[in-house]
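Descriptive structure summary
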Amino acid sequence: MGMYCDQCQESVQGSGCIARGVCGKNEITAKLQDTLVYALEGLALCAEAGSGKLHAGHGRFLSEALFVTVTNTNFDDDAIVDKIFEALALRDELKGSLTEIPSHDSVTWTGESKEDFVRKAETAGVEALSENEDLRSLKSLVLYGLKGLAAYTDHAFVLGYNDESIYEFYVGALAALTKDMDADQLTALVLETGENAVKAMALLDKANTETYGNPEITTVKTGVGAKPGILISGHDLHDMEELLKQTEGTGVDVYTHCEMLPAHYYPAFKKYDHFVGNYGSSWWSQDKEFDSFNGPILMTTNCIVPVRESYRRRMFTTGNAGYEGLKHIPARKNGEPKDFGEIVELAKTCQPPKEIENGEIVGGFAHNQVIALADKVVDAVKSGAIKRFVVMAGCDGRQNARQYYTDVAGALPEDTVILTAGCAKYRYNKLQLGDIGGIPRVLDAGQCNDSYSLAVIALKLKEVFGLDDINDLPVSYDIAWYEQKAVAVLLALLSLGVKGIRLGPTLPEFLTPNVASVLVEKFDIKPIGTVEGDVEAMMAGM
Ligand code: SF4
Ligand code: SF3
């Protein structure tokens, strides 16, 4: 049996990825990831049979292990094998304290080697979730949402923020994946996943803003300087902070790529003169942009694409990111920062980045900043200067069909404002869309997790306008998804009561027609249509 993966938007339509992932994931890595999830299920069953609770150490492990399986995060088999061994050891530790051991294979199986773990995937993969395709589809929705919220929970943990109730949810949800459940029970679990995704994003928002300050309106340069540079990508702001500290005074500049762009919006990072700008755009164009950058690249999380020879020797991973053959910067130990010294020394020997553009990006419109402008925004809505907000948050991806988002941004009338977060923004954040009385027409809140900010803004507007229902606001949702964090964001929006979301560029491959129709019926989710038709419908409030 080959691999099977259908967890992202670029999954082969109609069959999932069965020979090799479109993302570059091979059969062995895919199978190890399946086995890792299975080992986590056994661990959860043992936790459930005990107190049902996990201490923060176990909770952290579950966050990290789930994060490792998120699309484009970790392609390093050894790292995944280590996580499987750790999961089995933790499972057995919990099992040792139980009076009654759950009778499920995920609790009793064991393996000694990578080969054992690869073989185990034959009975432990997504296909094993249920024989009924609709139930399997609902379980996939829970699992993929869980992976996304685990990534956010892990980022919060790294900054010292925990929510034990999220760890309890891991236990219940992972254990549920091994059980016979009916469609109603699983639909309830999907909604609970959304509620926990809201908690995870709120926790991360608190962690980020209490640690680094509230994002502020910021103009970020896209050109380059004359000094050598280090390019940092992914989502981990703690890595960002330590890299900035360790490069200060070294003659090396620091640039952001893709989802690290919003680091520029945080007050704590503005004091570094050598934090000079953003280089390039979205994750999928990294193979060209990393090539021309000339200096070292640090990937702190997803999204990694298959690494080209031209920059392989300059590319490093850290945290949950991994890629076979690349140098991995080890985790912090005993409260000591990570050591990025090797990257800094390498940067000093490199040419400065080659300029590929020379402009500006404006961002920093997270909830605190927008609420500070609330009077202005409310006046603009009341006077009719702003007719509608369109939330276009989410992920970017390779497919040409995503030109839709650029075209929608360009086609929206000039009295509309786009609210964005996540790498989806790169489809339109360099267009000159102007402003409305000083309010830019594209308000970028930050990373994908900062979609939470957009929900806070919507709830604030609901309060200011004295509305009972968030759906009565002049706000439309045209969300782009790619990986499992976007699944978590989507479920979070649903749990907040948002209806009528357009989702594209395609609906998830893992949704069966029956499950998709439940989402349509309950939440009025719809696939994107034509640019013209969707713009017209959104302006009409549909
Ligand atoms: Fe395919 Fe996406 Fe899975 Fe990669 S993550 S194997 S592209 S479905
Ligand atoms: Fe992008 Fe990978 Fe999802 Fe954080 S960097 S949004 S795709």
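All figures in this text were calculated on a predicted structure; none of them were measured in a lab.

Attention shifts here to the layout of surface pockets. What the largest pocket holds in volume is close to 550 Å³. Along the walls of the largest pocket sit 29 residues, with Arg60, Glu64, Gly319, Asn320 and Ala331 positioned nearest its centre. Elements with a minimum of two residues in the lining of the largest pocket: helix H2 (56-68), helix H3 (77-96), helix H6 (133-158), helix H9 (237-247) and strand S9 (327-329). Here the element with the most residues in the lining of the largest pocket is H3; it accounts for five residues. Residue composition of the lining of the largest pocket, grouped by class: nine nonpolar, eight polar and twelve charged. Shared between two domains, the lining of the largest pocket holds at least three residues of each, these being domain 1 (12-211) and domain 2 (218-348).

Attention now goes to the sheet that holds strand S6 (residues 297-299). With respect to topology, six strands assemble into an open sheet ordered S5-S4-S3-S6-S7-S9, the strand pairing being parallel. The open sheet has two edge strands with one neighbour each: strand S5 (275-278) and S9. Strand-to-strand twist across the sheet, computed as the mean angle between neighbouring axes with direction ignored, equals 30°. Direction of pairing for strand S4 (residues 253-256) relative to S5: parallel, over a ladder of three bridges.

Within the secondary structure, Asp76 sits in the loop between strand S1 (74-75) and H3. Here Asp76 occupies a buried position and makes no salt bridge, while the nearest side chain of opposite charge, Lys114, is found at 7.5 Å.

Moving on to the site of ligand 2. The immediate surroundings of ligand 2 are formed by His235, Cys258, Glu259, Trp283, Asn302, Cys303, Cys395, Cys423, Cys448, Tyr482 and Glu483. The two domains that each donate at least three residues to the shell around ligand 2 are domain 2 (218-348) and domain 3 (368-539).

So, on to the domain arrangement of the chain. Along its sequence, the chain is organised into domain 1 (12-211), domain 2 (218-348) and domain 3 (368-539). At the interface, 18 residues of domain 1 touch 17 residues of domain 2. Carbon and sulfur atoms supply 54% of the area buried between domain 1 and domain 2, which totals about 1,500 Å² over both sides. At the surface where domain 1 touches domain 2, the tally comes to zero salt bridges. At the boundary of domain 1 with domain 2, the tally comes to six residue pairs in polar contact (both at pLDDT 80 or more). Those elements that place two or more of their residues in the side of domain 1 that touches domain 2 are H2, S1 and H6.

Rules used in this analysis
- Residues numbered from 1 in each chain as written.
- Chains lettered and ligands numbered in written order.
- Predicted model: local features only at pLDDT ≥ 70, side-chain atom pairs only at ≥ 80, totals over all residues.
- Heavy atoms only, no water.
- 1 Å grid on protein atoms, 1.4 Å probe; cavity = no way out; pocket = protein on both sides within 12 Å on 5 of 7 lines; lining within 4 Å.
- Points joined across faces, edges and corners; volume = space filled by probe spheres on them.
- Helix = DSSP H or I, 4+ residues; strand = E, 2+ residues; numbered from the N terminus.
- Nonpolar A, V, L, I, M, F, W, Y, C, P; charged D, E, K, R; others polar.
- Domains from an automatic or database assignment.
- Pairing = 2+ DSSP bridges.
- Axes fitted to C-alpha atoms, helices over the stretch in contact; angles between N-to-C directions.
- Buried < 20%, exposed > 50% of the residue type's maximum accessible area, 1.4 Å probe, protein only.
- Lys, Arg positive; Asp, Glu negative; His and termini not counted.
- Salt bridge = Lys/Arg side-chain N within 4 Å of Asp/Glu carboxyl O.
- Near = heavy atom within 4 Å.
- Contact = heavy atoms within 4.5 Å.
- Buried area = accessible area lost by both parts, 1.4 Å probe.
- Polar contact = N/O pair within 3.5 Å; in protein donor to acceptor, adjacent residues only side chain to side chain.

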